[in-house]
Amino acid sequence: MALQQRTAIARRAAFSGRVAPCRPAAASRRGSVKVQSLLREWSPSNKEFIELVLSEFPDKGVATVEEARALYSNGGYTYLDVRSQLEVEEVGKVKDAVNIPFMLVSRKYDPETRERKMVKEPNPDFVRQ
């Protein structure tokens, strides 16, 4: 009990209730700073970005969200949904996606606990499918 009291007193003493005033940001003191970045963003009219993405795949392997949009809409690619069939039934299917479950999930009744439990096992046919 004595330890708890010391901890509580130490915490109260650490915060005095006063907050230091905010200083202006470093950039505002130095004047305006222009930052220019190369945005790789998909849009149906951004033909340069679409051509760049199509030239990088499939060698690049993993796509960002913007690259995936370009591949899906302009490259003939398809979404691969690896959720279990149970998940797809509960949440819903992604339009035009192919569902190949990575894990096989089922609900089984456990007589000892008298509850339904989810049983997961790897899909042995995942790569073949």
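Cut-offs and rules
Residues numbered from 1 in each chain as written. Predicted model: local features only at pLDDT ≥ 70, side-chain atom pairs only at ≥ 80, totals over all residues. Heavy atoms only, no water. Buried < 20%, exposed > 50% of the residue type's maximum accessible area, 1.4 Å probe, protein only. Helix = DSSP H or I, 4+ residues; strand = E, 2+ residues; numbered from the N terminus. Arc of directions from axis to C-beta. Contact = heavy atoms within 4.5 Å. Pairing = 2+ DSSP bridges.

For the protein, an unreviewed UniProt entry supplies the name Rhodanese domain-containing protein and the organism Tetradesmus obliquus.

K.L.:
Before we go on, may I ask you to explain helix α4 (residues 65-74) in this structure?
P.N.:
For an α-helix, 3.6 residues make a turn, and residues three or four places apart therefore share a direction. When α4 is considered as a whole, its buried residues turn out to be E67, A70 and L71. For α4, the buried positions fall inside an angular range of 95° around the axis, keeping them on one side. In the core, the buried residues of α4 are packed alongside α3 (47-56).

K.L.:
Just checking my understanding: could you explain the pairing of strand β3 (residues 103-110) for this structure?
P.N.:
Each regular strand shows side chains that alternate between the opposite faces of the sheet. The pairing of β3 with strand β4 (residues 115-122) spans 8 bridges and is classified as antiparallel. Residue pairing in the sheet places Y109 in a bridge with R116 of β4. Between β3 and β4, which pair antiparallel in sequence order, lie 4 residues; one of them, R114, sits at a positive phi of approximately 60°.

K.L.:
Would you explain α3 in this entry?
P.N.:
Within the span of α3, buried status applies to F49, I50 and V53. Down the axis of α3, the sector holding all buried residues measures 100°, keeping them to one side. Opposite the buried face of α3, at more than 90 degrees from it, the exposed residues are K47, E48, E51 and S55.

K.L.:
What am I meant to see in the environment of I50 here?
P.N.:
With respect to the element layout, I50 can be found in helix α3. Residue classification places I50 among the buried positions, given a relative accessible area of 6%. The sequence separation of I50 and E67 amounts to 17 residues, and the corresponding C-alpha distance is 8.0 Å. Those residues in contact with I50, other than ones at most four positions away along the chain, are W42, S43, P44, A70 and N74.

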